Amino acid sequence: MVTASSGAPSWAQESCLMGIDEAGRGPVLGPMVYGCAFCPLDQKERISSLQFADSKVLTEAKRDELYASILADSSMGWAVDVIDPRDLSAQMLCRERRSLNMISFESAMGLIRSTLNLGVSLAEVFVDTVGDPAKYEASLTERFPGIKFTVSKKADSLFPIVSAASIIAKVTRDKALREWVMEETGKDVGRSFGSGYPGDPDTKSWLEQNSNPVFGFPSVVRFSWATCKPYFTKGGVDIFWLASPISTCPPDFVSCKYVGSDPLDGSDDDEETERRKSKIVETESCAPLRHSFFRSRQLQQVTTHL
């Protein structure tokens, strides 16, 4: 979901520079946010004097102060792409898997594209890299000819416009996580989940308390993260669902370990799939009257075993 400063700025036709950075790439909880900041090239020196720095080295109070100053600055524009944790995991675990680097790359391209679509004349773009900087830079240059790209490690510490983007992304992510609405019902899901990083003891404890062997984790969790796997390998339930995305009740079944394990594990192994299928004699009907929770997830209740 991309959100941006409203409308094309009055200086859109001037040559502009842009910085791009992300927040929340590593945590097991919450969205990953890509942010960008842009301004006219003739504002470059002024931007350098505004105390922007890598958001990770700033206090929360200082980040909030600088964030407010960016939003109020008529010579700066910004945009964010908030990538839901469920979307992250779904893309990383689908049949045609997409790496986190690819998701990140496409998010950065989306911010550039949406800014160009506003009518902003981008001349230079600075990006904090994921993966190999040279390959990343070459790919962006190929897709957006006419723009000069600089992709580097620690760009959020080297270029003030990227530091501004880092602040935008970090404050947006923190707010999203702080205000996250737990959609799960039937259980009081607490919010004492710490920083959300895999090594945080509070995060580990929260995951332990809020894992379910059938339904997995609350929606705030990136269930594709390796951090989640141990909670299911030691007690997760195998779920069987219909393979075809087209038919409402296709005849064949594909086995897949529910969230916390790779959903493709075993599904491409014909021998393993047949072994699992041979255990099923009959399954619950997938008729339209079934509850929407089970229909949307194509979950089948095994009623008879051999």
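What counts, and where the lines are drawn
Residues numbered from 1 in each chain as written. Predicted model: local features only at pLDDT ≥ 70, side-chain atom pairs only at ≥ 80, totals over all residues. Heavy atoms only, no water. UniProt positions renumbered as here; feature names shortened; annotations may be inferred. Helix = DSSP H or I, 4+ residues; strand = E, 2+ residues; numbered from the N terminus. Contact = heavy atoms within 4.5 Å. pLDDT = per-residue confidence, 0-100. Buried < 20%, exposed > 50% of the residue type's maximum accessible area, 1.4 Å probe, protein only. Core = buried A, V, L, I, M, F, W, Y, C linked by side-chain atoms within 4.5 Å. Axes fitted to C-alpha atoms, helices over the stretch in contact; angles between N-to-C directions. Parallel < 35°, antiparallel > 145°, perpendicular 65-115°, else oblique. Left-handed = near helix turned anticlockwise from the far one by under 90°. Salt bridge = Lys/Arg side-chain N within 4 Å of Asp/Glu carboxyl O.

Identification of the protein as Ribonuclease from Sphagnum jensenii is taken from an unreviewed UniProt entry. The Catalytic activity (unreviewed entry) field of the UniProt record for the protein holds the comment "Endonucleolytic cleavage to 5'-phosphomonoester." The record held by UniProt for the protein lists under Sequence similarities (unreviewed entry) the comment "Belongs to the RNase HII family. Eukaryotic subfamily."

*Asks:* In this structure, what is going on with the UniProt feature "binding site: a divalent metal cation" (unreviewed entry) in the protein? I would like to understand it.
*Replies:* Here the UniProt feature "binding site: a divalent metal cation" (unreviewed entry) sits at Asp21, Glu22 and Asp128. A maximum C-alpha distance of 8.0 Å places the annotated residues, which cover 108 residues in sequence, within one compact spot. Counting through the fold element by element, Asp21 comes out in strand S2 (residues 15–23). Those residues in contact with Asp21 that sit more than four places away from it in its chain are Val33, Tyr34, Gly35, Asp128, Asp156, Val162, Ala165, Ser166 and Ala169.

*Asks:* So what exactly am I meant to see when it comes to the confidence of the model for the protein here?
*Replies:* Looking at the protein as a whole, its pLDDT mean stands at 81, while 77% of the residues score no less than 70. Confidence scores differ between elements of the protein, with strand S8 (residues 253–257) showing the lowest mean pLDDT of 34 and strand S5 (residues 121–128) the highest of 98. Confidence drops under pLDDT 50 across residues 272–286; counting only partners more than four residues distant or on other chains, this segment forms 33 contacts.

*Asks:* Explain the environment of Phe232 to me, please; I cannot follow it from the model alone.
*Replies:* Mapped onto the secondary structure, Phe232 falls in helix H9 (residues 230–233). In this structure Phe232 comes out as buried when scored by relative accessible area, which is 2%. Considered as a pair, Phe232 and Ser211 are 21 residues apart in the sequence and their alpha carbons are 8.5 Å apart.

*Asks:* Even after reading the chapter, I still don't get the nonpolar core, so can you show me in this structure?
*Replies:* A general tendency of soluble globular proteins is for nonpolar side chains to be buried together. Counting 46 residues, the largest nonpolar core has Ile20, Ile112, Val125, Leu140, Trp206 and Val221 as its most contacted members. Of all the elements, helix H4 (residues 100–117) adds the most residues to this core, at seven residues. Residues contacting Trp206, with those up to four places away along its chain left out, are Leu29, Met182, Val189, Gly190, Arg191, Ser192, Phe193, Pro218, Val220 and Val221. Grouped together as the second largest cluster of nonpolar side chains are 24 residues, Ala37, Leu58, Ile70 and Val82 included.

*Asks:* Explain the packing of H4 against helix H5 (residues 133–143) to me, please; I cannot follow it from the model alone.
*Replies:* Helix-helix packing is described using two parameters, namely the angle between the two axes and the distance between the axes. One can describe the packing of H4 onto H5 by two numbers: an axis separation of 12 Å at closest approach and a directional angle of 40°. What the angle tells us is that H4 and H5 run oblique. Handedness of the crossing formed by H4 with H5: right-handed. On the side of H4, the interface is formed by Ser104, Phe105, Ala108, Met109 and Ile112, while H5 contributes Tyr136, Ser139, Leu140 and Arg143.

*Asks:* Got a minute to help me understand the side chain of Ser163 in this structure?
*Replies:* With respect to the secondary-structure elements, Ser163 resides in helix H7 (residues 160–178). Taking relative accessible area as the criterion, Ser163 reaches 3% and is therefore assigned buried. Once residues lying within four places of it in the same chain are set aside, the contact partners of Ser163 are Phe52, Ala53, Asp54, Asp156 and Ser157.

*Asks:* It is not clear to me how the pattern of salt bridges should be interpreted in this structure. Could you clarify?
*Replies:* Side chains that carry opposite charge are capable of pairing whenever their charged atoms lie near each other. Considering all chains together, one arrives at 10 salt bridges under this definition. The closest approach of N and O atoms between Arg46 and Asp73, which form a salt bridge, is 2.9 Å. With Arg46 in helix H1 (residues 44–48) and Asp73 in the loop between helix H2 (60–72) and strand S4 (77–83), the pair connects residues that are 27 residues apart, well separated along the chain. Given the relative accessible area of 14%, Asp73 is considered buried. Here Arg98 ties to Glu106 by a salt bridge, and the two come within 2.1 Å at their closest N and O atoms. Judged by relative accessible area, which is 23%, Arg98 ranks as partly exposed. The class for Glu106 is partly exposed, based on a relative accessible area of 35%. Ionic contacts of the salt-bridge type, sharing partners, join the residues Arg63, Lys170 and Asp174 into one network.

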